[in-house]
Amino acid sequence: VAIAQSAGDPSRQAAALDLLGQTYLTAGRPEPALETLENAQRLAAEAQDQVRMATILHSLGTTQAAQKLNDEAVASFKEARRLAQAAHLETLAATSTINLAKMALGANQWQEAQVLLDEALTQTRTLPDSHDKAYGLISIGLGYAALRGHLPSDGDRLRVMAADVLEEAGETAQALGDARAASYALGHRGHLYEQ
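Given the structure is predicted, the values throughout are model-derived calculations rather than measurements.

1. Description of the packing of helix α3 (residues 30–47) against helix α4 (residues 50–66)
Running from N to C, α3 and α4 cross one another at 160 degrees; their axes reach a closest spacing of 9 Å. Classified by the interaxial angle, the pair formed by α3 and α4 is roughly antiparallel. Viewed along their axes, α3 and α4 form a crossing whose handedness is left-handed. Taking contact as the criterion, the partners of Pro 30, Ala 33, Leu 34, Leu 37, Glu 38, Ala 40, Gln 41, Ala 44 and Ala 45 in α3 are, on α4, Arg 52, Met 53, Ile 56, Leu 57, Ser 59, Leu 60, Thr 63 and Gln 64.

Here it is as structure tokens:
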């Protein structure tokens, strides 16, 4: 951050603050994470850097969700998704949609969650195989599994969707040689069958 400040480049300073904010959150310090990311957002806006703004808003949404600032988190994820789609940042757009689905699940908005999961699945399937794609598919599969008990009329379809998406996640992870992601995907799929 200090180096970016001395260079007088607000876009790079925003990028450094974004990473610092993420680090604070990972270290279990959500308050300084929130403050740091708000500063990053301000600098990215000043620099009119829409790509940087999309990534910062996603980080901000994650931090707000961790602090149970749900309305703020939803707004941040929606704007991150909009900017990511405009900038053709497909992975970020898909991840933001997945996080919006998680927020809908947490708010007991079952129909909205299903619509978002369906959208996220379409987005994620178009991505090249990667760690992000594998974990995105895992999240989507778990989302469908969580919806089963809340949308009984779609329960059977959701169970099949959850199993299929988790299998796809496992295959994607195995193709990448990502044993951990494959283990998560197949373990969750096994748990689904066990239930």
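2. Here we look at the environment of Val 165
If you trace the backbone, Val 165 turns up in helix α9 (residues 155–176). Judged by its relative accessible area of 0%, Val 165 is buried. Separated by 24 residues in the primary sequence, Val 165 and Arg 189 have C-alpha atoms spaced 9.0 Å apart. Not counting the four nearest positions on each side in its chain, Val 165 is found in contact with Leu 121, Arg 125, Leu 137, Ile 140, Gly 141 and Tyr 144.

3. Considering the nonpolar core
Here is a general trend for soluble globular proteins: nonpolar side chains tend to be buried in one another's company. Counting residues in hydrophobic clusters, the biggest one holds 29 residues, and the most contacted among them are Leu 117, Leu 121, Ile 140, Tyr 144, Leu 147 and Val 165. Contributions of two or more residues to this core are made by α5 (70–86), α6 (90–106), α7 (110–125), α8 (131–147), α9 and α10 (179–194). A total of 7 residues in this core trace back to one element, the largest contributor, which is α9. Ranked by size, the runner-up nonpolar core spans 17 residues in total, among them Leu 17, Leu 34, Ala 40 and Leu 57.

4. A word on the packing of aromatic side chains
Counting across every chain of the model gives 1 aromatic pair. With a centroid separation of 6.1 Å and 65 degrees between ring planes, the pair formed by Tyr 135 and Tyr 184 is classed as edge-to-face. Residue Tyr 135 is located in helix α8, and its partner Tyr 184 is located in helix α10; the two are separated by 49 residues in the primary sequence.

5. Brief notes about α9
The end-to-end C-alpha separation of α9 is 31 Å, in line with the 32 Å expected for 22 residues at 1.5 Å each. Those residues of α9 not exposed but buried are Gly 155, Leu 158, Met 161, Ala 162, Ala 163, Val 165, Leu 166, Glu 168, Ala 169, Gly 170, Thr 172 and Ala 173. Contacts from the buried residues of α9 go to α7, α8 and α10. Gly 177 occupies a position one or two residues after α9 and carries a positive phi of about 75 degrees.

Cut-offs and rules
Residues numbered from 1 in each chain as written. Predicted model: local features only at pLDDT ≥ 70, side-chain atom pairs only at ≥ 80, totals over all residues. Heavy atoms only, no water. Axes fitted to C-alpha atoms, helices over the stretch in contact; angles between N-to-C directions. Helix = DSSP H or I, 4+ residues; strand = E, 2+ residues; numbered from the N terminus. Parallel < 35°, antiparallel > 145°, perpendicular 65-115°, else oblique. Left-handed = near helix turned anticlockwise from the far one by under 90°. Contact = heavy atoms within 4.5 Å. Buried < 20%, exposed > 50% of the residue type's maximum accessible area, 1.4 Å probe, protein only. Core = buried A, V, L, I, M, F, W, Y, C linked by side-chain atoms within 4.5 Å. Phe/Tyr/Trp six-rings, centres within 6.5 Å; stacked < 30°, edge-to-face > 60°. Expected span 1.5 Å × (residues − 1).

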